Amino acid sequence: MARHMVEFEVAGPWSLESSREFWEEMAPVPPAEAGGEGAALRTVFHADADWRQVAAEVTQSGSAARVAVTGDGDLDAAAEQVRRFLSLDVDARGWPAVGDRDPVIGRIQARRPGLRPCGFHSPYEAA
């Protein structure tokens, strides 16, 4: 089984902790080892590129995200899929201004600083 790691700067505000907490709350069964502050986000999914199982671990260091994927398929594509479902592939530098204009969004941003819209691994997962 191969392991592939990518690290990149995230454009705009992002908090791994907010994203991880959101995922843990949305899970049908909370993870046995729910993370605390500084914990990695860990997930397993089938990659869109080749439908092979991938394990992913995401960590944050300042404004940089580190994505480690492990599996047997196209791990470059799997890492990009992780970026996509965590909305890290989007330049969100203008996102704080949306909260300034919209009080509902502003309250959500205040409650969960750095939260980006989290998606699903795939359309099948969303269904």
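Residues numbered from 1 in each chain as written. Predicted model: local features only at pLDDT ≥ 70, side-chain atom pairs only at ≥ 80, totals over all residues. Heavy atoms only, no water.

**Focus: the confidence of the model for the chain**
On average, residues of the chain score 88 in pLDDT, and 87% of them are at 70 or above. Element-level mean pLDDT values for the chain span from 67 in helix H5 (residues 123–126) up to 97 in strand S4 (residues 64–71). (pLDDT = per-residue confidence, 0-100. Helix = DSSP H or I, 4+ residues; strand = E, 2+ residues; numbered from the N terminus.)

**Overview of the nonpolar core**
The biggest cluster of nonpolar side chains holds 23 residues, and the ones touching the most others in it are Val58, Val69, Val82 and Leu86. Elements supplying a minimum of two residues to this core: helix H1 (16–26), strand S2 (41–46), strand S3 (53–61), S4 and helix H2 (75–85). Per-element accounting of this core gives the leading share, five residues, to H2. Dropping the residues within four chain positions of it, Val82 is found in contact with Phe45, Ala56, Val58, Val67 and Val69. (Core = buried A, V, L, I, M, F, W, Y, C linked by side-chain atoms within 4.5 Å. Buried < 20%, exposed > 50% of the residue type's maximum accessible area, 1.4 Å probe, protein only. Contact = heavy atoms within 4.5 Å.)

**Considerations on unusual backbone geometry**
A positive phi angle, close to 60 degrees, is found at Trp51, a residue other than glycine. Within the element layout of this structure, Trp51 appears in the loop between S2 and S3.

**Here we look at the side chain of Gln81**
Within the secondary structure, Gln81 is located in helix H2. Gln81 sits in the buried class, given a relative accessible area of 2%. In contact with Gln81, not counting residues within four places along its chain, are Phe45, His46, Ala47, Asp48 and His121.

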